[in-house]
Amino acid sequence: METLTVFQAVILGLVQGLAEFLPISSSGHLALLQYFFGIEGESVLFFAVMLHLGTLVSVFIVYRKDIWELILELGRTIKDICTGNGPNINANPTRRLGFMIIVATIPTGIIGILGGDMFSAWYNSVVVIGTALMITGCILFVAEKMGKNHNTVETMKFRQAVFIGVMQGVAITPGISRSGATLFGSLVMGLDRAFAVKFVFLISIPSILGSVIMELPPAIKEGIDASMAMPIIIGMAVAALSGYFAIKVMIKIVSSKKLTYFSYYTWIVGAFVVVWALFIGS
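Just so it is clear, the structure is predicted and the values come from calculations on it, not from any experiment.

*Asks:* Lay out the layout of surface pockets with the relevant residues and their values.
*Replies:* Considering only enclosed or pocket space, the second largest pocket measures out at about 430 Å³ in volume. As for the second largest pocket, its lining consists of 20 residues, of which Leu70, Leu74, Gly98, Ile101 and Ile102 are closest to the centre. Those elements that provide at least two residues to the lining of the second largest pocket are helix 4 (64-82), helix 5 (93-114) and helix 11 (204-222). With 8 residues, helix 4 is the single largest residue contributor to the lining of the second largest pocket. Considered class by class, the residues forming the lining of the second largest pocket number 15 nonpolar, 3 polar and 2 charged.

Shown next, in the form of structure tokens:
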């Protein structure tokens, strides 16, 4: 395969940024683009890892105040533990939010570690990706129909965080939207819509970081082509910018209850992909 072009890097970065936070599955779309571009996953593994870091930048920009408060509160929590006062989980909303994020991350990590090989194999199946996209549409449709939700960080239960974390783990499946699945889990668990969106994006930080940590060693082992430097830089910048835009749009969409638009999109794309794979592509 030829070296990844700047044009391809821009397209992949744009799709990664938008699809990571809009409920349409970045993994599914990137896998499909790589398939139709004729790009072998192993040859751009390091590039894919860098795109994840690009999207992570957008989360830090949008939620920089919340993240800084969580970091400061982590320091206070460690101090309390070291001085014998214990974690004092309910000391304030920020500390409680931090613990909820940790609890939600645990099942995600377990699912990712135990099912890593299976999820990786599914990236090579266009039929699986198309089917998962249609499932994403169903998840979003149900999520939008949820009734009034009032739970915020003060009233949220640990079991609710666990369920949301499980949904995030399931979303490792290419074609299942991470933001869509976790938003579904949040709304099913009764979280307030505004808080649900924030929680969904904040728990994406350890999830994306974990993904990068797991993917980086094999990516480096595969080798880094010097000619990829420019496409990597441009792809990361595009992913960060489009990710920032997607987060802002997602906040408005959830508040205005328009998730069903994405249901129609993922149903159409998923059905097309499955039909193409079964009857045309073969």
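Having seen it, we continue.
*Asks:* So what about a positive patch on the surface? Which residues, and what values?
*Replies:* The grouping of Arg64, Lys65, Lys248 and Lys252 at the surface amounts to a positive patch. Elements supplying a minimum of two residues to the positive patch: helix 4 and helix 12 (229-255). Structurally, the position occupied by Lys252 is in helix 12. Of the residues examined, Lys252 reaches a relative accessible area of 63% and is grouped as exposed.

*Asks:* Mind laying out helix 7 (residues 126-144), listing which residues take part and the relevant values?
*Replies:* At 3.6 residues per turn, the α-helix brings residues three or four places apart onto the same side. Counted at 1.5 Å a residue, the expected span for helix 7 with its 19 residues is 27 Å, and the 27 Å between its end C-alpha atoms agrees. Those residues of helix 7 lying buried are Val126, Ile129, Gly130, Ala132, Leu133, Thr136, Gly137, Ile139, Leu140, Ala143 and Glu144. On its buried face, helix 7 is in contact with helix 2 (26-37), helix 6 (116-122), helix 9 (178-188), helix 10 (193-202) and helix 13 (260-280).

*Asks:* Report on the nonpolar core, specifying residues and quantitative values.
*Replies:* Tyr63, Leu183 and Phe199 are the most contacted members of the largest nonpolar core, which totals 63 residues. The contact partners of Leu183, leaving out residues within four places of it in the chain, are Ala196, Val197, Val200, Met250, Val254 and Leu259. Core analysis: the second largest hydrophobic core is formed by 8 residues, Leu32, Val126, Leu133 and Ala277 among them.

*Asks:* I'd like a rundown of helix 3 (residues 45-62), residues and numbers included.
*Replies:* Taking 1.5 Å per residue as the helical rise, helix 3 with its 18 residues ought to reach 26 Å, and the 27 Å between its terminal C-alpha atoms agrees with that figure. By the criterion of burial, helix 3 is predominantly enclosed, with 13 of the 18 residues buried.

*Asks:* Outline the packing of helix 1 (residues 6-21) against helix 3, supporting the account with residue identities and numerical values.
*Replies:* Where helix 1 meets helix 3, the closest approach of the two axes is 10 Å, and the angle between their N-to-C directions is 50°. Here helix 3 runs oblique to helix 1, going by the angle between their axes. Helix 1 and helix 3 meet at a crossing whose hand is right-handed. Across the interface between the two elements, Ala9, Leu12, Gly13, Gln16, Gly17, Glu20 and Phe21 of helix 1 pack against Phe47, Leu51, His52, Thr55, Ser58 and Val59 of helix 3.

*Asks:* Please set out the pattern of salt bridges residue by residue, giving values where relevant.
*Replies:* Counted by the stated rule, this structure contains 6 salt bridges. Between Asp66 and Lys198 there is a salt bridge whose closest N-O contact spans 3.1 Å. With Asp66 in helix 4 and Lys198 in helix 10, this pair connects stretches of sequence that are 132 residues apart. The salt bridge involving Arg95 is made with Asp80; its shortest N-O contact spans 2.8 Å. Of this pair, Arg95 sits in helix 5 while Asp80 sits in helix 4, and the two are 15 residues apart along the sequence.

*Asks:* Please give an account of unusual backbone geometry that cites residues and values.
*Replies:* One non-glycine residue, Ser25, lies in positive phi territory at about 75°. For Ser25, the location among the structural elements is in the loop between helix 1 and helix 2. Ser25 sits in the buried class, given a relative accessible area of 1%. For Lys257, which is not glycine, the phi dihedral falls at a positive 55°. Along the chain, Lys257 turns up in the loop between helix 12 and helix 13. By relative accessible area, which is 51% here, Lys257 ends up exposed.

*Asks:* Talk me through the side chain of Thr136; I want residue IDs and the actual numbers.
*Replies:* Structurally, Thr136 is set in helix 7. Relative accessible area serves as the criterion here: at 2%, Thr136 is assigned to the buried category. One polar contact links the side chain of Thr136 to the main-chain amide nitrogen of Ser177, over a distance of 3.1 Å. Discounting residues that sit within four places of it in the chain, Thr136 has contacts with Pro23, Gly175, Ile176, Ser177 and Thr266.

Here is what the cut-offs are and how they apply
- Residues numbered from 1 in each chain as written.
- Predicted model: local features only at pLDDT ≥ 70, side-chain atom pairs only at ≥ 80, totals over all residues.
- Heavy atoms only, no water.
- 1 Å grid on protein atoms, 1.4 Å probe; cavity = no way out; pocket = protein on both sides within 12 Å on 5 of 7 lines; lining within 4 Å.
- Points joined across faces, edges and corners; volume = space filled by probe spheres on them.
- Helix = DSSP H or I, 4+ residues; strand = E, 2+ residues; numbered from the N terminus.
- Nonpolar A, V, L, I, M, F, W, Y, C, P; charged D, E, K, R; others polar.
- Patch = residues over 30% accessible without salt bridge, like charges linked within 9 Å, V, L, I, M, F, W, Y side chains within 5 Å.
- Areas by Shrake-Rupley, 256 points an atom, 1.4 Å probe, with all protein chains shown as cover.
- Salt bridge = Lys/Arg side-chain N within 4 Å of Asp/Glu carboxyl O.
- Lys, Arg positive; Asp, Glu negative; His and termini not counted.
- Charge placed at Lys NZ, Arg CZ, Asp CG, Glu CD.
- Buried < 20%, exposed > 50% of the residue type's maximum accessible area, 1.4 Å probe, protein only.
- Expected span 1.5 Å × (residues − 1).
- Contact = heavy atoms within 4.5 Å.
- Core = buried A, V, L, I, M, F, W, Y, C linked by side-chain atoms within 4.5 Å.
- Axes fitted to C-alpha atoms, helices over the stretch in contact; angles between N-to-C directions.
- Parallel < 35°, antiparallel > 145°, perpendicular 65-115°, else oblique.
- Left-handed = near helix turned anticlockwise from the far one by under 90°.
- Polar contact = N/O pair within 3.5 Å; in protein donor to acceptor, adjacent residues only side chain to side chain.

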